[in-house]
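Single-letter residue listing:
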Amino acid sequence: MALLQANKDLISTGMKEFNALLNQQVFSEPPISEEAMMTIVDDWVNFYISYYRQQMTGAQEERERALEELRKELSALSVPFLDKYRAFLKSL
């Protein structure tokens, strides 16, 4: 079953906003550990899920599927960011 268009639009908006957040990050010294950065990114994902949970439409099952899709997309966006952070740590 396809997601409602309104929820697809929210997922798209959330992805754009999350990507902008990741692109704004500046790595500086002293660095935090890789594990700490992973925790921070996970917290950001959870914050976005919490924010968009209130805006999703449709039946409970539809909202949960949309949130699951949003979580999957945000996690996927996090991978290159965390790879970039690992490279930054290795360069020190």
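Structure's up top.
Computed from a predicted model, the values in this text were never measured in an experiment.

(A) Looking closely at the overall build of the protein. Assigned secondary structure in the protein consists of 3 helices and 0 strands. Secondary structure of the protein in N-to-C order comes out as α-α-α. Relative to its full complement of 92 residues, the protein shows a buried share of 28%. Contacts in the protein between residues at least 24 apart in sequence constitute 79% of all its contacts with a sequence separation of at least 6. The protein carries 10 positive and 14 negative side-chain charges, and their two centres are separated by 4 Å.

(B) Representation of the side chain of Asn-7 in the model. When you line up the elements, Asn-7 lands in helix H1 (residues 5–24). Since its relative accessible area comes to 0%, Asn-7 is described here as buried. Leaving out residues up to four positions away in the same chain, Asn-7 has contacts with Met-56, Thr-57, Glu-62 and Ala-66.

(C) The arrangement of the pattern of salt bridges in detail. Taken as a whole and judged by the stated rule, the model has 5 salt bridges. A salt bridge links Glu-62 to Arg-65; the nearest nitrogen and oxygen atoms lie 3.0 Å apart. Taken together, the residues Glu-62 and Arg-65, both in helix H3 (residues 60–91) and 3 residues apart, mark about one turn of the helix. Here the salt bridges share partners, and the residues they tie into one network are Glu-34, Asp-83 and Arg-86.

Procedures and definitions
Residues numbered from 1 in each chain as written. Predicted model: local features only at pLDDT ≥ 70, side-chain atom pairs only at ≥ 80, totals over all residues. Heavy atoms only, no water. Helix = DSSP H or I, 4+ residues; strand = E, 2+ residues; numbered from the N terminus. Buried < 20%, exposed > 50% of the residue type's maximum accessible area, 1.4 Å probe, protein only. Contact = heavy atoms within 4.5 Å. Lys, Arg positive; Asp, Glu negative; His and termini not counted. Charge placed at Lys NZ, Arg CZ, Asp CG, Glu CD. Salt bridge = Lys/Arg side-chain N within 4 Å of Asp/Glu carboxyl O.

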